[in-house]
Amino acid sequence: MSSISTRRRQRLPTLFEVLNRRTLTPVDLFAFYVFMRDQHRSVDYLDFWLDVAQHMSLCRHYVRQLRRSVLAATPDLEKDSSKHSSQVLEAFKLQQHSEIANGLEQESKRVSMILRSESSASGSKVAANRNSALFSPERLNRNSQVENAKEQDDDDEPTVDSPLAQVNSSTVTRAHIRESAYRIMVTYLVAGAECELVLPLPIIRGITTAIEVDGRDDPEVFDEAKDYVFQAMEREAFPAFLSNKALGNLVPAGALLRLIIGLFSLFAAFWVAFILIFLDWKPKSTRLWLILPFSIGIYGCLSYQYDLDPLIVFAGYSELNFMKFMHIDEPYVKSLLIRRAIWVMSLVVVLVIGLCVLFGLVPGKRL
């Protein structure tokens, strides 16, 4: 990610920028993953999106590898009679000419076209690979891996890497792609899956039919489900994430702790203030000590109200988990949080001065 583009972005980031790692803390992908896991309780949707993105990356690497192998096998394409090689390289030419003009969506379609072309020409055996994907050792260990990843708390930070099996980048084969596609299907889409997503039935049927019946494993198979999940996160989870991280710097547990401390301090401040008034305590300057409990109480209550701790913002940090902090690096978010912190501190000062003047000027009367 370019630091120059980050500095020039005078706005809040979009979900697309967060998912593609174009943002900095506290609105980066890692913070979004923690938010989806701990607060929104819908991390399976983000896991699915990341798994599909990893599948696309796997297919892209396989296509580049295939291109190199085809070019090495057919140095003189015009004199070669290989219909398969000509077909695949023609798809590569189309990919190169439209690389700049089209975005990620078009790239997915191009890679899918190349994979379908290669698959139809080579006549792959889908059924045998399907069984190996469904009953592979990686599949049997999937449940324990996902549970271990989700049980990482304060001591072990969660990972946003894809839970797909990691393969050597230099040895990607078509079997790896098929296994990846089947693992996504059985993990998120089939009935009773360990991370089953709530998706429209036509989308699920379309994916299962494409994989199990048509033998497809290209990224375009998951495009409709990926778009649906993206729109769901953009509509429901992402606004709450921005509100929590770009307009505040506290997690719910941290805000609640400040509310409890604030209410207790306010109770103590009012209790001492009324005691000093009704005992007609002398000298009157003793009431100036009320500024301490009033300050703590109002500070804690306003921090809860705005989900923002001004002192932590001025120090340049935001709360990731309860009592675990990360540095604020996103320039626009940092400036936004500083402005809100100044506003909250101004309210604290005004309210504390008002209460201290009120209880300091009230004449004492011993009961």
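It should be emphasised that the depicted structure is a prediction, and the values quoted were computed from it without experimental measurement.

Caption draft 1: Structural view of unusual backbone geometry. Thr25 connects to Pro26 through a cis peptide bond whose omega is 10°. Following the sequence through the fold, Pro26 ends up in the loop between helix H2 (15-19) and helix H3 (29-38). With omega at -5°, the peptide bond leading from Lys282 into Pro283 counts as cis. The topology assignment puts Pro283 in the loop between helix H13 (252-278) and helix H14 (291-306).

Caption draft 2: Geometry of the pairing of strand E2 (residues 324-327). Judged from the four bridges that link them, strand E1 (residues 317-321) and E2 form a sheet pairing that is antiparallel. Bridge pairing in E2 places Ser318 opposite Met326. Adjacent in sequence and paired antiparallel, E1 and E2 are bridged by two residues, among which Met323 carries a positive phi angle near 65°.

Caption draft 3: How the structure looks around the pattern of salt bridges. Scanning the entire structure with this criterion turns up nine salt bridges. One salt bridge connects Arg174 with Asp217, and the closest N-O pair in it is separated by 2.8 Å. On the criterion of sequence distance, the pair formed by Arg174 in helix H10 (residues 174-188) and Asp217 in the loop between helix H11 (201-213) and helix H12 (223-245) is long-range, its members being 43 residues apart. Using a relative accessible area of 3% as the deciding quantity, one classes Asp217 as buried.

Caption draft 4: A look at H11. The terminal C-alpha atoms of H11, which comprises 13 residues, lie 17 Å apart, in line with the 18 Å expected from a rise of 1.5 Å per residue. Positive phi shows up at Gly215, right after H11, with a value of about 70°.

Caption draft 5: Seen up close, the environment of Glu224. Positionally, Glu224 belongs in helix H12. As for Glu224 and Ile207, which are separated by 17 residues in sequence, their C-alpha atoms are 8.9 Å apart.

Caption draft 6: The arrangement of the packing of H3 against H12 in detail. In contact at an axis separation of 11 Å, H3 and H12 are set at 110° when each is read in the N-to-C sense. Taken together, the axes of H3 and H12 are roughly perpendicular relative to one another. Here H3 contributes Ala31, Phe32, Phe35 and Met36 to the contact with H12, which in turn contributes Met233, Ala237, Phe238, Ala240, Phe241 and Asn244. A per-class count over the contact of H3 with H12 returns nine nonpolar, one polar and no charged.

Reading the values: the criteria
- Residues numbered from 1 in each chain as written.
- Predicted model: local features only at pLDDT ≥ 70, side-chain atom pairs only at ≥ 80, totals over all residues.
- Heavy atoms only, no water.
- Helix = DSSP H or I, 4+ residues; strand = E, 2+ residues; numbered from the N terminus.
- Pairing = 2+ DSSP bridges.
- Salt bridge = Lys/Arg side-chain N within 4 Å of Asp/Glu carboxyl O.
- Buried < 20%, exposed > 50% of the residue type's maximum accessible area, 1.4 Å probe, protein only.
- Expected span 1.5 Å × (residues − 1).
- Axes fitted to C-alpha atoms, helices over the stretch in contact; angles between N-to-C directions.
- Parallel < 35°, antiparallel > 145°, perpendicular 65-115°, else oblique.
- Contact = heavy atoms within 4.5 Å.
- Nonpolar A, V, L, I, M, F, W, Y, C, P; charged D, E, K, R; others polar.

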